[in-house]
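Tertiary structure, described
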Amino acid sequence: MELHVTESSIADGVGLVRLKRPDRGNSWTHRMNAEYRWLMKSLDENPEVRVIVVTGAGRQFCVGADFKALEHHKDSKSNYVAESRQEALARPGHGVHPEFDHEMVWHWGLAKPVIAAVNGACAGIAVGLAAFCDFRYAAAGAKFTTSTPKLGLPAEYGLSWVLPRLIGLSNAVDILFTGRVLLAEEMRSMGFLHGVLPSEDFEAQVLTRARQMAASVSPIAVKTAKRQVYAEQMHLEPGRAVEDSKKLTGTLLKLPDLKEGIAAAQERRNPRFPPL
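This text gives an overview of the structure that appears in the document. Along each chain, residues carry numbers from 1 onward, in the same order as the chain's sequence is written. With pLDDT at 70 or above as the cut-off, local features in this predicted model cover only qualifying residues; side-chain atom pairs require 80 or more to be listed or tallied, and sums for whole chains, interfaces and linings still use all residues. The side-chain numbers reported here are obtained from all heavy atoms of the structure, hydrogens and water having been left aside.

1. Describing the sheet that holds strand S8 (residues 182–183)
Only when DSSP finds a minimum of two bridges between them are two strands counted as paired. Numbering of helices and strands runs from the N terminus; a helix is a DSSP stretch of H or I covering at least four residues, while a strand is a stretch of E covering at least two. Taking strand neighbours across the sheet as the criterion, the 3 strands line up as S5-S7-S8 in an open arrangement whose pairing is mixed. Two strands in the sheet have a free side with no partner beyond their single neighbour: strand S5 (122–123) and S8. Pairing geometry for strand S7 (residues 143–145) and S8, over 2 bridges, is antiparallel. Within S8, the position partnered with Phe144 by the bridge is Leu182.

Have a look at this one:
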């Protein structure tokens, strides 16, 4: 696919995806969505990649939907749901669980862990994108807002479901009802972020964490745990989770990753796990 508003690179087991419309705050468009999905599917299927990092070009992560796109939908006589269907686009993470075959939730169907590196302003749909990533880091002072209450729009892209699970109902209500701007430090205190890092060399710091993960953990173990964690959000059966984990343990006990992991621990070296 020819890329116009995104870019990517691979190094040391880490695939980096960059939203790239810095002159417009990396605002989200249909084209960006198409490129982003294609890139994520490509990186997830690439055996060289073990961790994926998503960030923004310039000083912002993504300021939300492009206002021109919102104006189009406002003036269009077409049905918004019909217009926003994704059948013609790449389908990353699909086929793992029916609930994961939806916009943004597909992040949970990927085999690789995804880190949202929020380098600056994160608004609207970008909050949803970050919420469905596995890890979230932000630069000190980065601003977050859902924006929608001040635009006359509802909580979008599943935020009404995922935010209460990430930060609790009271905090989610605060964010979704007021649309106020929150700094990264407050989002960290709520539990949305895994960490707030100095803005200087922010991307390099996140990439260091990603490389450490890529070099030290078993890809099949991470893929399996990711499947467990998100699939088990779909039910309220702890006993079922225990029994499923026993079956998975029986399977992974027979794979070469365990032997290599034990050998690496005994020899006090980094493991050399095979790709997925």
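That shown, we press on.
2. Let's talk about the state of the cysteines
The disulfide criterion is simple: two cysteine sulfur atoms within 2.5 Å. As enumerated under the stated definition, the model contains 0 disulfides in all. Not engaged in a disulfide, the cysteine Cys62 finds its nearest cysteine sulfur in Cys122; these two sulfurs lie 7.2 Å apart. Counting only cysteine sulfurs, Cys122 is the nearest neighbor of Cys133, a cysteine outside any disulfide, at a range of 9.6 Å. Each residue is assigned to one of three classes by its accessible area relative to the maximum for its type, calculated with a 1.4 Å probe on protein chains only: buried under 20%, partly exposed between the two thresholds, exposed over 50%. Taking the relative accessible area as the measure of exposure, Cys133 reaches 2% and is therefore buried.

3. Focus: the pattern of salt bridges
Between Lys or Arg on one side and Asp or Glu on the other, a salt bridge is scored when a side-chain nitrogen of the former is within 4 Å of a carboxyl oxygen of the latter. Per the stated rule, a full pass over the model turns up 16 salt bridges. One salt bridge connects Arg21 with Asp66, and the closest N-O pair in it is separated by 3.1 Å. On the criterion of sequence distance, the pair formed by Arg21 in the loop between strand S2 (14–19) and helix H1 (30–45) and Asp66 in the loop between strand S3 (51–56) and helix H2 (67–75) is long-range, its members being 45 residues apart. Residues Glu243 and Lys246 are paired through a salt bridge, measuring 3.5 Å at the closest nitrogen-oxygen approach. Within this pair, Glu243 and its partner Lys246 are both found in helix H10 (residues 238–252), separated by 3 residues, close to a single helical turn. You can call Lys246 exposed: its relative accessible area is 52%. Among the charged side chains, a network of salt bridges with common partners joins Glu7, Arg18, Lys20 and Glu203.

4. What to know about the pairing of S2
Both faces of the sheet carry side chains from a regular strand, because those side chains alternate between them. Along S2, 6 of the 6 residues are buried, which leaves the element largely enclosed by surrounding structure. Because side chains alternate across S2, one face comprises the buried residues Val14, Leu16 and Arg18, and the other comprises Gly15, Val17 and Leu19, equally buried. Pairing analysis gives 6 bridges linking strand S1 (residues 6–11) to S2, with the strands arranged antiparallel. Pairing of Ser8 across the sheet is with Val17, part of S2. Remark: 2 residues form the turn of the hairpin made by S1 and S2, two consecutive strands paired antiparallel; Asp12 in that turn has positive phi of roughly 55°. Relative to S3, S2 runs parallel, the two being bridged by 6 bridges. Bridge pairing in S3 links Val17 to Val54. Assignment of crossover handedness uses the view with strands pointing away from the viewer, where a clockwise path from the first strand over the helix to the second indicates a right-handed crossover. Note on the crossover from S2 through H1 to S3: the handedness is right-handed.

Honestly, it's all geometry; don't read function into it.
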